[in-house]
Amino acid sequence: MRYLSTRGLPDDPRPGFSEILLEGLAPDGGLYLPETYPQVDAAVLATWRSILADEGYAGLAAAVLSLFIDDIDAADLRRLCAEAYSDEIFSSPLIAPVDELDGGLWLAHLSGGPTAAFKDMAMQLLGRLFEFELARRGRELTILGATSGDTGSAAEYAMRGRRGIRVFMLTPAGRMTPFQQAQMFSLDDPSIVNIAVDGVFDDCQDLVKALFCDLDFRRRYQLGAVNSINWARLAAQVVYYISSWLRATTADDQEVSFAVPTGNFGDIMAGHVARMMGVPIRTLVLATNENNVLDEFFRTGIYRVRGAAETLATSSPSMDISKASNFERFIFDLLGRDAERIRDLFGDQLAQRGSFSLAGTGEFESIRARFGFVSGSSRHADRLATIAQVLDRDQVLIDPHTADAVTVARRHLEPGIPMIVLETALPVKFTDTIAEATGRVPECPARFEGLEELPRHVVDLPDDAGALRALIVGRS
Ligand SMILES: *Cc1c(COP(=O)(O)O)cnc(C)c1O
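Residues numbered from 1 in each chain as written. Predicted model: local features only at pLDDT ≥ 70, side-chain atom pairs only at ≥ 80, totals over all residues. Heavy atoms only, no water.

As recorded by an unreviewed UniProt entry, the protein chain carries the name Threonine synthase and is attributed to Acidipropionibacterium virtanenii. Under Catalytic activity (unreviewed entry), UniProt gives the following word-for-word description of the protein chain: "O-phospho-L-homoserine + H2O = L-threonine + phosphate". In its Sequence similarities (unreviewed entry) section, the UniProt record describing the protein chain reads: "Belongs to the threonine synthase family." (UniProt positions renumbered as here; feature names shortened; annotations may be inferred.)

Written out as structure tokens, the structure is:
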């Protein structure tokens with residue numbers, strides 16, 4: 001399997017999976033996608049059903065991922081999947097169990113990993129793939145990132161203790177939830193450096209960018225990233241769409257729909273890939289919160305990114321985005337993989353005007369018929385009502401992000417089609433909103449008890465690139 005860039009990089013030969021694994025953006029500024037999506041038929045789907053039954057989630061992951069990864073030995077890939085998707089790491093031996101709720105809704109539990117958010121599903125495999133590939137190349141990697149919540153902790157728990165990998169993770173001082181802070185700062189590992197920057201999330205991101213732009217520093221300290229544009233993360237996420245479909249159906253031609261709480265368009269992009277492969281997915285329901293940039297596009301054809309000042313701080317904070325970093329991949333497929341138009345829309349028009357429009361084009365009009373997408377948004381009051389309602393009807397407590405998806409999913413239910421909502425975090429991460437919705441504080445799963453009392457490992461840093469550089473040099 002070879003990969004190409006959405007901006008049309010004329011590279012020859014095109015890179016394979018292990019060549020793009022450690023990279024973020026393609027050299028032309030585009031995002032990598034497989035040359036073609038592997039196609040699966042009823043026979044393959046039936047084989048996957050028996051693999052899931054016999055070998056569990058890890059076996060299915062190896063089978064699915066082997067379609068995207070042909071430059072890592074099959075036995076190595078199976079071992080890495082078995083290590084990542086084990087019941088020592090995830091709270092259920094099913095890894096991503098699926099439950100039926102009232103009225104045609106299902107819930108796919110993707111938050112059983114070490115940091116109680118769905119990002120563990122991809123990150124646990126990514127850490128092991130990185131370690132494997134770095135050892136093969138005799139290289140080391142310094143991961144530098146900024147986080148306002150779930151990504152940073154998922155990355156740290158996946159990368160800790162991996163040979164050849166160090167992590168420097170910036171957070172805006174005092175601005176994450178107490179649970180999120182405790183989760184990151186309690187990690188006691190010489191290769192993980194937590195940094196609390198005197199500033200907001202955008203300041204953290206600017207510091208990271210400043211160091212990445214310093215090419216000499218970047219090369220000398222082998223800086224790398226683990227953000228959601230990494231193709232390997234998307235590939236790993238395709239697997240739970242397939243396992244969830246298998247678990248909610250008994251026949252290999254039974255269609256399901258998915259509802260996905262969306263921020264950077266990473267999670268739902270993996271659903272698009274699964275659908276393009278031929279997995280029987282009818283509708284992909286995209287749910288946003290009050291920051292509805294993507295809902296606006298799917299309703300109107302206009303994609304208008306917003307500035308930090310226009311981005312609201314909501315009670316589903318992991319979806320507070322103003323610009324969806326993975327969206328370019330979907331538009332590339334929508335426009336028949338026309339790289340020239342992508343360069344025009346994402347290069348020129350977004351840079352100059354902050355928006356582009358596909359309204360009135362045949363491509364936009366065909367989105368639902370050809371790609372199955374519909375969308376909607378949810379507000380604070382919807383979130384609270386949905387959390388209370390699901391608790392009352394189903395005795396299941398869901399987190400605010402999952403609640404956004406349940407809210408929007410209900411508007412798109414069709415008789416006879418299971419609607420699988422992806423659960424992206426556990427309620428314990430967002431106690432204030434849960435308490436507001438239900439009148440009580442969510443239970444803390446046993447594995448997280450006492451976390452907030454542990455000693456904290458975090459370095460305070462001024463909002464200054466020189467200070468960050470000095471810290472990395474000092475710890476290398
Ligand atoms: C990251 C995250 C999302 C959004 O996922 P994207 O891949 O950015 O669309 C939703 N919910 C939670 C809890 C998250 O951590």
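On we go.
I'd like a rundown of the overall build of the protein chain, residues and numbers included.
Each helix and strand in the protein chain was counted, giving 19 helices and 15 strands. By the compact-globule yardstick of 23 Å for 476 residues, the protein chain fits well, its C-alpha radius of gyration being 21 Å. Seen through its principal axes, the protein chain has C-alpha atoms that stretch 60 × 60 × 50 Å. The 476 residues of the protein chain split such that 59% are buried. Relative to all contacts within the protein chain whose residues are 6 or more apart in sequence, the contacts with residues 24 or more apart total 75%. Surface accessibility of the protein chain: about 18,300 Å² in total, with carbon and sulfur atoms responsible for 48%. (Helix = DSSP H or I, 4+ residues; strand = E, 2+ residues; numbered from the N terminus. Rg over C-alpha atoms; globule rule 2.2 N^0.38 Å. Buried < 20%, exposed > 50% of the residue type's maximum accessible area, 1.4 Å probe, protein only. Contact = heavy atoms within 4.5 Å. Areas by Shrake-Rupley, 256 points an atom, 1.4 Å probe, with all protein chains shown as cover.)

Can you tell me about the sheet that holds strand S6 (residues 165-172), naming the residues and giving the values?
The strands making up a sheet associate through backbone hydrogen bonding, with each pair oriented either parallel or antiparallel. Taken together, five strands build an open sheet; the order of strands is S8-S5-S6-S7-S15 and the sheet is parallel. With one partner strand each, in any of the chains shown, strand S8 (223-224) and strand S15 (459-461) form the two edges of the open sheet. Relative to S8, strand S5 (residues 141-146) runs parallel, the two being bridged by two bridges. Note that in S8 the partner of threonine 142 across the bridge is leucine 223. Along the sheet, helix H5 (residues 150-159) makes contact with S5, S6 and strand S7 (192-197), crossing S6 at roughly 160°. Packing of helix H19 (residues 465-474) onto the sheet brings it into contact with S5, S6, S7 and S15, and relative to S15 it is tilted by some 150°. (Pairing = 2+ DSSP bridges. Axes fitted to C-alpha atoms, helices over the stretch in contact; angles between N-to-C directions.)

Just give me the short version of the site of the ligand, but keep the residues and values in it.
Close to the ligand lie 15 residues, the nearest being Lys119, Asp150, Gly263, Asn264 and Asp267. Between the ligand and glycine 263 there is a distance of 2.8 Å, counted from an oxygen atom to a backbone nitrogen or oxygen. Between threonine 424 and the ligand, the recorded distance is 2.9 Å, taken from a side-chain N or O atom to a nitrogen atom. When isolated, the ligand has an accessible area of 380 Å², and the protein chains bury 96% of it. For the shell around the ligand, the per-class residue count stands at five nonpolar, seven polar and three charged. (Near = heavy atom within 4 Å. Polar contact = N/O pair within 3.5 Å; in protein donor to acceptor, adjacent residues only side chain to side chain. Nonpolar A, V, L, I, M, F, W, Y, C, P; charged D, E, K, R; others polar.)

How would you explain the packing of aromatic side chains if you had to name every residue and give the values?
Taken as a whole, this structure holds 26 aromatic pairs when the rule is applied. Through successive ring pairs, a cluster of aromatic residues spans Phe265, Phe297, Phe298, Tyr303, Phe327, Phe330, Phe346, Phe356, Phe364, Phe371 and Phe373. Stacked on the ring of tyrosine 37, the Lys or Arg arginine 337 has its end atom at 5.1 Å from the ring centre. Of note, arginine 469 hangs over the ring of phenylalanine 217, and the distance from its end group to the ring centre comes to 5.8 Å. (Phe/Tyr/Trp six-rings, centres within 6.5 Å; stacked < 30°, edge-to-face > 60°. Lys NZ or Arg CZ within 6 Å of the ring centre and 35° of its normal.)

Describe the UniProt feature "modified residue: N6-(pyridoxal phosphate)lysine" (unreviewed entry) in the protein chain, listing the residues and the values that go with them.
Within the UniProt annotation, "modified residue: N6-(pyridoxal phosphate)lysine" (unreviewed entry) is assigned to Lys119. Here lysine 119 is to be found in helix H4 (residues 119-137). Excluding anything up to four places from it in sequence, lysine 119 contacts Asp150, Thr151, Ala154 and Arg233.

Pulling in residues and values, what's your account of unusual backbone geometry?
Phi at glutamine 222 is positive, roughly 50°, even though this residue is not glycine. Among the secondary structure elements, glutamine 222 is positioned in the loop between helix H8 (215-220) and S8. Backbone geometry places glutamine 395, a non-glycine residue, at a positive phi of 55°. Along the chain, the position of glutamine 395 falls in the loop between helix H16 (380-394) and helix H17 (400-410). Residue classification places glutamine 395 among the exposed positions, given a relative accessible area of 62%.

How would you summarise helix H12 (residues 327-334) if you had to cite specific residues and measurements?
Of all the eight residues making up H12, eight are buried; the element is thus mostly covered by neighbouring parts of the structure. Buried within H12 are the following residues: Phe327, Glu328, Arg329, Phe330, Ile331, Phe332, Asp333 and Leu334.

A description of the sheet that holds strand S13 (residues 373-377) should follow, citing residues and the corresponding values.
The strand order S3-S4-S14-S9-S10-S13 describes an open sheet built from six strands, whose pairing is mixed. In this open sheet, the two edge strands, each paired with only one partner strand, are strand S3 (98-100) and S13. Neighbour to neighbour, the strand axes of the sheet diverge by 25° on average, direction disregarded. Pairing between S3 and strand S4 (residues 105-109): three bridges, direction antiparallel. Residue glutamate 100 lies in a different strand from S4, and its bridge partner there is tryptophan 106.

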